[in-house]
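The lines below spell out each chain.
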Amino acid sequence: MPGMNLTRAEAAERSELISVESYNVVLDVTSDEKTFLARTTVEFTGNKPGATFIDVVAASLTSATLNGAKLDISGFDGQSLEVTPALGANTLIVEAVANFMNTGEGLHRFVDPADGEVYLYSQFETADARRMYACFDQPNLKATFTLTVDVPDHWEVISNNPVETKESVRDGVTRWSFVTTPRISTYITALVAGPYHCVHDVYAGAEKEIPLGIYCRKSLAPHLDADQIFTVTKQGFDFFEKEFGLAYAFDKYDQIAVAEFNAGAMENVGCVTFAEDYFVFRSKVTDRSYNWRANVILHEMAHMWFGDLVTMSWWDDLWLNESFAEWVSYLALARATRFTNSWTVFNAERKNWAYRQDQLSSTHPIVTDMIDLETVKTNFDGITYAKGASALLQLVAYVGEQNFIAGLRTYFAKHAWGNTTLNDLLVELGATSGRDLKPWVATWLKTAGVNTLRPELVVDGDNYASVAIAQEAPLIPEGSTELRPHRMSVALYDVTDGNLTKRRSVELDVTGARTEIPEFAGDRVADLLLINDGDLSYAKIRFDERSIATLRTNFENITDPLARALCSAAAWDMLRDAELSASDFVPLMLGGMRTETDISLVQMAMLQVDTAVELYAAPEHRDQLRITQTEALRALLDQSEDGSDHQLAFARAFASAAANASDAAHLKYVEDLLNGALEGLAIDDDLRWHFLGVLASRGEIGEAKIAEALAKDNTASGVKAATFARASIPTPEAKEKAWAEAIACKVPNHIQIALISGIQRANQRNLMEPFVDRYFESLVPTWSEQSHEMASNIVMRLFPIMVTTHGSLSKTIAWLAQPNIPSALHRLVAENRDALERALNAQAFDALPAS
């Protein structure tokens, strides 16, 4: 019998044996705090003789019947049930006692500390619908879905379709029944239930009015800015219905903020769930957060067409599902909302994620071999999302945007309610563009790694004799010889009147090992030569010596925000590749912040500076760089406008830097900020906790002060912040307690993350050292005993990266050399090793004498 890790081969065999017509699911979530009752009736067809299995992850089975005959459930393994269907029509009824989860998988149960109210939500991707109801849990076995659920009287219940009836069934309990859905996959079915606060509106769609709902916990209701969310939602519908040439296919559209969510959001049909920290802002945030929220709203909405209406046959095409939503959400942001800077943000944040992922030893082609669910879960990564979206940008340029959209429209119309593979889309794009897409697919989608593009210049006096672009094969995977075609612009920038502005650019195809740009021959030498100006392609870019010198003195004077983002991303990549020292990178980026108006670029740069100081700087340079960082951030904070986004961002960054700096005066100023010393800086709940976490990490406050703060903010956010602060206290006892709780996995997922984050403080490397060996000892037991999400938190977040020593690296390499390590676990630890090696290489480069 297959276990939790369903393979592609097993799924293919099952889909040959059966096809599914419908699910009728009846739940009672009122029985107790740990379990609920689930009765599932499945109507399906036996297509050929043979035994198969239905997925059902439950504490126990009460009964199971197939076509009226009782099945033997005595050997139920807690994961699946074997069935031998008849040819033709079959009716299977499974009654189970299932477990509420606190890991963000299956049917998650959350108790709001603010008022004691209980909230439920489902999270089923990739295959956790089986934790709520018995099902054939794979994307190509679509079926209709009918849900009935008994809940406490005062609850709201939201699912994929509208409510059909509500009736009282016993004292204090109401039964909600929902309209049957069209044919959808199990992973996008949904249940959300609890005393949610709700706001409603209507979108006047192309063919019908679409009821809109926004939901959040009651205690968050005062902070819900529903009008802004509805605005972006309607802008998204306007854009997608027009571009896709197909009206929204479902009956309503609800968006729900849920607690302790593992991802950013999930595209359940008509019932989209969002991590509430990204969706409802209880304290002041910068415009970067509003930009990100709008992006996630549009990303999930795009899935209603690409993913929900037309669904991949198996997870091999997960990349296309996510890359398409990634690409089109940024397109919609830039063209349909106020966030017109979104491609700059894409470069600064998402594309950097892709470049990082693509340079790990675990790099893989965009189209990768998803042999089983464990492989799928580890591939929700920067390649699947951001590199794939970058490749789609190239594809759009290659076939032409009008041809691309025309192909999409045909694809949606032809395959609505069905399942597809990548080839189905390529057929339509090839038909509309007249292009053979096989070579493009072969080089962009089926090979791994990122190319590097460098300028090759011959200078004659003040002019270029020749300009060419040299393309290097990826360093990883080892042995790669892949040289891709790139459609891009190359631009010349000059310093004029104190600004670094574009003189001219040339758009061209960069192919092979060397591409000449004859248009630049004879041109005056530029202060900055920028490869991939406009960011159309996906490649690492480098600079000539004059351009580097210009950036050292004029980075902050680049007038084009996307050009600034490109230069910043290139500098960051050079730092990570040990081609630029941390001692040079830090002042370069801090200088750029003096005039940067895009708050997203500011906040990304501050994160990178922090990493440069704490991971990539030579230990002997770190203290001085901390002083440089903290003093620069203090100056930026002092110069920022009262009440501005920049003031808030610099206040948070300064406090974080002060936690690591040795100067007590900086730490004292954090206390002053906490006490309201800075005009315009509102000390709301989240900012207060940020400052308290800093002070806790330096031993300036302890349990009493944390408990006092929690008593004033006994909310979900407050509990997480207090957990983080307690784990940050710089004593062996605090670390031991946090470690034990995190490893035990008895706490909810977000509390576990708060514990781990508090353990991993840059100013407490010595306190982390005793846990290095214990980390490696815990890995295999944790992986075998805990859910994927909880185990992954430990593997990735508890890795002792702050103990950046060759000894830690040797221990990591030795652990990886062991036989019989589960492949997904091995991959995650190998990625940790890669990060540690990169940090040590960068530190060694920073330690070299300045040239």
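Scoring rules and cut-offs
- Residues numbered from 1 in each chain as written.
- Predicted model: local features only at pLDDT ≥ 70, side-chain atom pairs only at ≥ 80, totals over all residues.
- Heavy atoms only, no water.
- Helix = DSSP H or I, 4+ residues; strand = E, 2+ residues; numbered from the N terminus.
- Rg over C-alpha atoms; globule rule 2.2 N^0.38 Å.
- Buried < 20%, exposed > 50% of the residue type's maximum accessible area, 1.4 Å probe, protein only.
- Contact = heavy atoms within 4.5 Å.
- Areas by Shrake-Rupley, 256 points an atom, 1.4 Å probe, with all protein chains shown as cover.
- Lys, Arg positive; Asp, Glu negative; His and termini not counted.
- Charge placed at Lys NZ, Arg CZ, Asp CG, Glu CD.
- Core = buried A, V, L, I, M, F, W, Y, C linked by side-chain atoms within 4.5 Å.
- Expected span 1.5 Å × (residues − 1).
- Axes fitted to C-alpha atoms, helices over the stretch in contact; angles between N-to-C directions.
- Parallel < 35°, antiparallel > 145°, perpendicular 65-115°, else oblique.
- Left-handed = near helix turned anticlockwise from the far one by under 90°.
- Nonpolar A, V, L, I, M, F, W, Y, C, P; charged D, E, K, R; others polar.
- Pairing = 2+ DSSP bridges.
- Phe/Tyr/Trp six-rings, centres within 6.5 Å; stacked < 30°, edge-to-face > 60°.
- Salt bridge = Lys/Arg side-chain N within 4 Å of Asp/Glu carboxyl O.
- Polar contact = N/O pair within 3.5 Å; in protein donor to acceptor, adjacent residues only side chain to side chain.
- Arc of directions from axis to C-beta.
- Disulfide = S-S within 2.5 Å.

## Observations concerning the overall build of the chain
Here's step 1: Scanning the chain for helices and strands turns up 28 helices and 28 strands.
Here's step 2: Computed over its C-alpha atoms, the radius of gyration of the chain comes to 28 Å, within 12% of the 29 Å expected for a compact globule of 851 residues.
Here's step 3: The buried share of the chain, reckoned over its 851 residues, is 60%.
Here's step 4: Long-range contacts, defined as pairs at least 24 residues apart, comprise 72% of the intrachain contacts of the chain with a sequence gap of at least 6.
Here's step 5: Carbon and sulfur atoms form 50% of the exposed surface of the chain, whose accessible area is close to 30600 Å².
Here's step 6: Mean positive and mean negative side-chain charge positions of the chain (73 and 115 charges, respectively) differ by 1 Å.

## Topic: the side chain of Thr452
Here's step 1: As for its position among the elements, Thr452 is in strand S22 (residues 452-460).
Here's step 2: If sequence neighbours within four positions are ignored, Thr452 has contacts with Ala470, Gln471, Glu472, Lys540 and Arg542.

## A word on the nonpolar core
Here's step 1: In this structure, Phe585, Met593, Leu633, Leu681, Phe691 and Tyr775 are the most contacted members of the largest nonpolar core, which totals 132 residues.
Here's step 2: Apart from residues no more than four positions distant in its own chain, Leu681 is found in contact with Gln647, Leu648, Ala651, Leu673, Leu687 and Phe691.
Here's step 3: Ala127, Ile297, Leu318 and Phe339 belong to the second-largest nonpolar core, a separate cluster that totals 107 residues.

## With respect to helix H21 (residues 716-728)
Here's step 1: Along its 13 residues, H21 runs 19 Å from first to last C-alpha, staying within 8% of the 18 Å computed at 1.5 Å per residue.
Here's step 2: Of the surrounding secondary structure, the elements contacted by the buried residues of H21 are strand S8 (106-111), helix H3 (276-279), helix H19 (685-697), helix H20 (703-712), helix H22 (732-744) and helix H23 (749-759).

## Some points on the packing of helix H9 (residues 401-415) against helix H10 (residues 422-433)
Here's step 1: Orientation of H9 relative to H10, taken along the N-to-C sense of each, is 135 degrees, at an axis distance of 8 Å. Taken together, the axes of H9 and H10 are oblique relative to one another. Considering only the axes of H9 and H10, their crossing is right-handed. Contact residues: Asn403, Phe404, Ala406, Gly407, Leu408, Thr410, Tyr411, Lys414 and His415 in H9; Asp424, Leu425, Glu428, Leu429, Thr432 and Ser433 in H10.
Here's step 2: Class assignment for the residues of the contact of H9 with H10 results in six nonpolar, six polar and three charged.

## Here we look at the pairing of strand S16 (residues 209-216)
Here's step 1: Most of S16 is tucked away, with six of its eight residues classed as buried.
Here's step 2: Sheet analysis places strand S15 (residues 197-204) next to S16, joined by eight bridges and oriented antiparallel. Bridging from a neighbouring strand, Cys198 pairs with Tyr215 of S16.
Here's step 3: Here S15 folds back onto S16 in antiparallel fashion, the turn holding four residues.
Here's step 4: In the sheet, S16 pairs with strand S17 (residues 253-258) via four bridges, with the strands oriented parallel. The residue bridging Leu212 from the neighbouring strand is Tyr253, located in S17.

## Describing the sheet that holds strand S11 (residues 156-159)
Sheet strands pair by backbone hydrogen bonding; their relative direction is either parallel or antiparallel.
Here's step 1: What the four strands build is an open sheet, ordered S8-S9-S14-S11; its pairing is antiparallel. At either margin of the open sheet sits one strand with a lone partner, and together these are S8 and S11. Neighbour-to-neighbour, the strand axes of the sheet open up by a mean angle of 10 degrees, direction not taken into account.
Here's step 2: As paired elements, S11 and strand S14 (residues 191-194) share four bridges and run antiparallel to each other.

## Section: the pairing of strand S4 (residues 60-66)
Here's step 1: In terms of strand pairing, S4 meets strand S7 (residues 88-99) through six bridges, oriented antiparallel. For Thr65, the partnering residue across the bridge sits in S7 and is Ile93.
Here's step 2: Across two bridges, S4 lies against strand S5 (residues 69-70) in antiparallel orientation. Within S5, the residue paired with Thr65 across the bridge is Lys70.
Here's step 3: Between S4 and S5, which pair antiparallel and follow one another directly, the connecting turn spans two residues, one of which, Asn67, has a positive phi of 55 degrees.

## Some points on the packing of helix H13 (residues 561-576) against helix H14 (residues 582-592)
Here's step 1: At a minimum axis distance of 10 Å, the contact between H13 and H14 shows a crossing angle of 160 degrees. As the angle between them shows, H13 and H14 are arranged roughly antiparallel. Handedness of the crossing formed by H13 with H14: left-handed. Note on element contacts: H14 touches H13 through Ala582, Phe585, Leu588 and Met589, opposite Ser568, Ala571, Trp572 and Leu575.
Here's step 2: In the contact of H13 with H14, the residues fall into seven nonpolar, one polar and no charged.

## A few points about the packing of aromatic side chains
Here's step 1: All chains considered together, the criterion is met by 44 aromatic pairs.
Here's step 2: Judged by centre distance (5.5 Å) and plane angle (85 degrees), the rings of Trp343 and Phe346 are edge-to-face. Highlighted residues: Trp343 and Phe346, both in helix H6 (residues 342-358), separated by three residues, approximately one helical turn.

## What to know about the pattern of salt bridges
Here's step 1: What the rule picks out here adds up to 62 salt bridges.
Here's step 2: The partner of Asp225 in a salt bridge is Arg293, and the shortest N-O contact between them spans 2.8 Å. Remark: Arg293 occurs in helix H4 (residues 287-303) and Asp225 occurs in the loop between S16 and helix H2 (226-244); sequence separation between them is 68 residues.
Here's step 3: Classification of Arg293 by relative accessible area gives buried; the value is 4%.

## Focus on unusual backbone geometry
Here's step 1: A cis amide bond, omega 10 degrees, links Glu125 with the succeeding residue Thr126.
Here's step 2: One can find Thr126 in the loop between strand S9 (118-123) and strand S10 (144-152).
Here's step 3: Ile476 connects to Pro477 through a cis peptide bond whose omega is 5 degrees.
Here's step 4: Of note, Asn532 is a non-glycine position whose phi angle comes to about 65 degrees, a positive value.
Here's step 5: One can find Asn532 in strand S27 (residues 528-533).

## Here's the deal with the side chain of Gln357
Here's step 1: Among the secondary structure elements, Gln357 is positioned in helix H6.
Here's step 2: A relative accessible area of 6% places Gln357 in the buried class.
Here's step 3: Polar side-chain contacts of Gln357 include one of 3.2 Å to the side chain of Glu831.

## Details of the sheet that holds strand S19 (residues 271-275)
Here's step 1: A sheet is described by the order of its strands in space; here five strands give the open sequence S15-S16-S17-S19-S18, paired in mixed fashion. In the strand order of this sheet, the two ends are held by S15 and strand S18 (265-266), each with one partner.

## Some points on the environment of Asp317
Here's step 1: Locating Asp317 in the fold gives a position in the loop between strand S20 (311-312) and helix H5 (318-336).
Here's step 2: The exposure class of Asp317 is buried, given its relative accessible area of 11%.

## What to know about the environment of Trp739
Here's step 1: Relative to the helices and strands, Trp739 resides in helix H22.
Here's step 2: Through-space distance from the C-alpha of Trp739 to that of Tyr385 is 32 Å; in sequence the pair is 354 residues apart.
Here's step 3: Those residues within four positions of Trp739 in sequence are excluded, and the remaining contacts are Ile759, Met768, Phe771, Arg774, Tyr775 and Leu798.

## Comments concerning helix H27 (residues 806-816)
Here's step 1: Among the residues making up H27, those that are buried are Ser808, Leu809, Thr812, Trp815 and Leu816. The arc that holds the buried residues of H27, viewed along the axis, is 125 degrees, so those residues lie on one side.

## With respect to the state of the cysteines
Covalent bonding between the sulfur atoms of two cysteines is what defines a disulfide.
Here's step 1: Inspection of the entire model under this criterion finds zero disulfides.
Here's step 2: In this structure Cys135 is not part of a disulfide, and its nearest cysteine sulfur, from Cys271, lies 17 Å away.
Here's step 3: Residue classification places Cys271 among the buried positions, given a relative accessible area of 0%.

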